[in-house]
Amino acid sequence: MIRLGDTVARGLMRLGPGILPFADAATAELPLGRLLRLALFQVTVGMAAVLLIGTLNRVMIVELEVPAWIVAVMLSLPLIFAPFRALVGFRSDTHRSVLGWRRVPYIWFGTLLQFGGLAIMPFALLILSGDTTGPTWPGHVAAALAFVLVGAGLHTTQTVGLALATDLAPAHVRPKVVALLCVMLLAGMLVSAVVFGLLLADFSALRLIKVIQGAAVVTIVLNGIALWKQEARDPSRTDRHAPRQTFSQSWAAYANSGLARRRLVATGLGTAAFSMQDILLEPYGGQILHLAVAATTALTAMLAAGGGLGLLLAARWLGRGGDAFRVAAAGTGTGILAFSAVIFAAPLDSIPLFALGVTLIGLGGGLFAHGTLTASMAKAGPEETGLALGAWGAVQASAAGVAIAASGILRDLGSYLATSGALGEGMNQPSTGYLMVYHLEIALLFATLVAIGPLVRDPAGRRRAAPIRTLPNPSV
C-alpha cells in the first residue's frame, strides 16, 4: 500500500504542472513558482482598480452621500498619471543605483505610493462626506491626494512590473507570460470584488477604515513577496556617471522605429472601443432587457470568463508562432460581432443573445489586449522595454479613461435627444442612447482594423519575429 501511495503521489506531481493553466510558461530561467510569485503585483493592481472604480464609487455616492460630480472628479484623478507611464518605463530602463537594480526601486516606490494613498483614503472620505465638526475642504484635498497617490502607484507598479517580467522571460514564452499576468489581474479583480462586497455588506465608518487600510497592508505584503529575489544585481548599473540618453532622444528613436506610432494608434482606438461599454452593460440589461439585479451582476462574470478564454487562445496562438497583430485583429473582429449581438438583443428582446454578446466582448478584448501587449514586448529592444511597455500602458489607460467618460455623456445626450423628439418618432426609445454608444464602438473597431492592416503586412516586423518561433522550449 505504501509503494502504491508513493507511485500515485509521484504521478500526480508529474501530472500537476501539465494540467495547470499557463504552466508551460515556465522555463529553466523562470520557474513556475517564481513566475507566479512575480505575478502577484498584478493582483494588487486589480485590487486597487476594483476598489477605486467599483467599491468606492458606490460607497461614496450611496452610503457617504457625496455628490456624484465630486465622485466623478475623484475617480478620474488616477488617470492623470497614466500619460507618464512611458517616462516611468524609460527611467526604469536607464536607472543607476548603488545596489545595481533598475526595476526593483520603481516597483517598490510604486508600492509605497499605493500604500500611502490607501492608508489616508478612508479618513479623507469620511471628512469629505461631512462627518466632521470642522470645514470639509481638508477632506477634498486629502481625498484628491489619496486618489492621485494610488493612481501613480498602480501605474508605476504595473508598468515596471511588466518590464521586469519581460526581462526575466525568454522571448519564446513571453506570450504565455503575458497571458498569465493578465489572468492574475482578472483574478485579483474578481476576488477583490467579492471580498470587498462581503466585508462592506454591513456598512459602517469603522468597517470602511478597516477594509481600505487592510487593502493597503495586503498591497505592500504581496508586492514585497513578488519582488523577493527577482532581479539580479548588475555592477554595471552602479555607475551614476555613465552616459545615458535623455527621454526625448529615446522617445524619438522609439517612435520613429518601424510603425511604432501606428501601433500606438491602433492600441488607443481598440482600447477605447472595448472600454466604452464598461459602465453601460449592466444599466442596459436592467433598463432595456429588464434583467434582475443578480442577473446584471452576473454580466461581470461573463465578461471575465470571455476575457480569460481570449487570453488563453491568444497565448496558444502566439505560442505556435502566430503574429501578434493578427491576434489583435481577430479580437477586433470578434468585438464587432459582439456589439452587433448586444445591439440586436434590444429589438429582439433576446437575453441569450445579449449574454452571448457580453461574453464575446470579453473574448475580443482579451485577444486584442494580449496581441497589442505582446507586440509591444516583441518590438522593444533589451534597453527600451520599459519605454515600450510604458507607452503601451499610457495609451491604453488614457484611452480607456476618456472612452468611459465619453460613453456616459454620449448615452445621456442620445437619450435626451431621443425623448425630446429631436431625432424623430422612430428613435424615441429608451435604448437609443445606449445604441448610439454601441454603434460608435463598432465604428472605432473598424477604424482599429484599418490601423492594424499595415502592421500585419509589415515584412520587417515578421522578419524580426521569425527567430522567436524557432527557439526550443527548455521546459519540455
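Residues numbered from 1 in each chain as written. Predicted model: local features only at pLDDT ≥ 70, side-chain atom pairs only at ≥ 80, totals over all residues. Heavy atoms only, no water.

Of note, Gln429 is situated in the loop between helix H16 (385–419) and helix H17 (432–456). A C-alpha to C-alpha distance of 7.0 Å links Gln429 and Thr419, two positions 10 residues apart in sequence. (Helix = DSSP H or I, 4+ residues; strand = E, 2+ residues; numbered from the N terminus.)

With that settled, the discussion passes to the confidence of the model for the chain. Counting all residues, the mean pLDDT for the chain is 79, and 83% of those residues have values of 70 or more. For the stretch residues 460–476, pLDDT sits under 50, and the model shows 23 contacts to residues farther than four places along the chain or on other chains. (pLDDT = per-residue confidence, 0-100. Contact = heavy atoms within 4.5 Å.)

Turning our eyes to something else, we now look at the nonpolar core. Ranked by size, the top nonpolar core spans 47 residues in total, and within it Tyr284, Phe354, Tyr438 and Ile452 carry the most contacts. Breaking this core down by element, the ones donating at least two residues are helix H11 (260–275), helix H12 (281–287), helix H13 (293–319), helix H14 (324–348), helix H15 (351–379), H16 and H17. Leaving out residues up to four positions away in the same chain, Tyr284 has contacts with Leu289, Val342, Ile343, Ala346, Phe354, Tyr434, Leu435 and Tyr438. In this structure, Leu40, Val43, Val160 and Met184 belong to the second largest nonpolar core, which totals 34 residues. (Core = buried A, V, L, I, M, F, W, Y, C linked by side-chain atoms within 4.5 Å. Buried < 20%, exposed > 50% of the residue type's maximum accessible area, 1.4 Å probe, protein only.)

The next subject is the packing of aromatic side chains. Per the stated rule, a full pass over the model turns up seven aromatic pairs. Measuring from ring centre to ring centre gives 5.8 Å for Phe81 and Phe84, while their planes differ by 40 degrees; the resulting arrangement is tilted. Under the relative-accessibility criterion, Phe84 is labelled partly exposed at 42%. Ring plane angle 90 degrees and centroid distance 5.1 Å describe the contact between Tyr284 and Tyr438, whose orientation is recorded as edge-to-face. (Phe/Tyr/Trp six-rings, centres within 6.5 Å; stacked < 30°, edge-to-face > 60°.)

The next subject is the packing of helix H5 (residues 85–94) against H16. It is the contact of H5 with H16, at a shortest axis distance of 7 Å, that shows an interaxial angle of 165 degrees. For the element pair H5 / H16, the angle class is roughly antiparallel. Handedness of the crossing formed by H5 with H16: right-handed. Side by side, H5 and H16 meet where Arg85, Ala86, Gly89, Phe90, Ser92 and Asp93 of the first sit next to Thr385, Gly386, Leu387, Gly390, Ala391, Gly393, Ala394 and Ala397 of the second. When the residues that make up the contact of H5 with H16 are grouped by side-chain class, the tally is six nonpolar, six polar and two charged. (Axes fitted to C-alpha atoms, helices over the stretch in contact; angles between N-to-C directions. Parallel < 35°, antiparallel > 145°, perpendicular 65-115°, else oblique. Left-handed = near helix turned anticlockwise from the far one by under 90°. Nonpolar A, V, L, I, M, F, W, Y, C, P; charged D, E, K, R; others polar.)

Another point: the side chain of Thr156. Following the sequence through the fold, Thr156 ends up in helix H7 (residues 137–168). Overall, Thr156 belongs to the buried group, its relative accessible area being 6%. Setting aside anything within four residues of it in sequence, one finds Thr156 in contact with Phe81, Val88, Tyr106 and Gly110.

Another point: a nonpolar patch on the surface. Judged by side-chain polarity, Ile80, Phe84, Leu87 and Val148 come together as a nonpolar surface patch covering roughly 330 Å² of accessible area. Here Phe84 shows up in the loop between helix H4 (68–76) and H5. (Patch = residues over 30% accessible without salt bridge, like charges linked within 9 Å, V, L, I, M, F, W, Y side chains within 5 Å. Areas by Shrake-Rupley, 256 points an atom, 1.4 Å probe, with all protein chains shown as cover. Salt bridge = Lys/Arg side-chain N within 4 Å of Asp/Glu carboxyl O.)

With that settled, consider H5. Here H5 lies mainly inside the structure; eight of its 10 residues are buried. Check the buried side of H5 and you find it contacts helix H6 (104–128), H7, helix H10 (247–255) and H16.

With that out of the way, let us pick up the pattern of salt bridges. One pass over the full model with this rule turns up four salt bridges. Put simply, Arg103 and Asp167 hold a salt bridge, and the shortest N to O gap is 2.7 Å. Taken as a pair, Arg103 in the loop between H5 and H6 and Asp167 in helix H7 lie far apart in primary sequence, 64 residues in all. The closest approach of N and O atoms between Arg411 and Asp412, which form a salt bridge, is 2.9 Å. Given a relative accessible area of 18%, Arg411 falls into the buried group. Since its relative accessible area comes to 45%, Asp412 is described here as partly exposed.

Each pair of packed helices can be summarised by the angle the axes make with each other and by the distance between the axes. One way to put it is that H10 packs onto H11 with a least axis distance of 7 Å and a crossing angle of 85 degrees. One finds that H10 runs roughly perpendicular with respect to H11. Note on element contacts: H11 touches H10 through Ala260, Arg261, Arg263 and Leu264, opposite Trp251, Tyr254 and Ala255. Among the residues making up the contact of H10 with H11, the classes are represented as five nonpolar, no polar and two charged.

With that settled, the discussion passes to unusual backbone geometry. Excluding glycine, most residues fall at negative phi; most peptide bonds, likewise, are trans. Not every positive phi belongs to a glycine, and Lys229 is a case in point at roughly 55 degrees. Note on placement: Lys229 falls in the loop between helix H9 (205–227) and H10. By relative accessible area, Lys229 is classed as exposed at 66%. For Asp349, which is not glycine, the phi dihedral falls at a positive 50 degrees.

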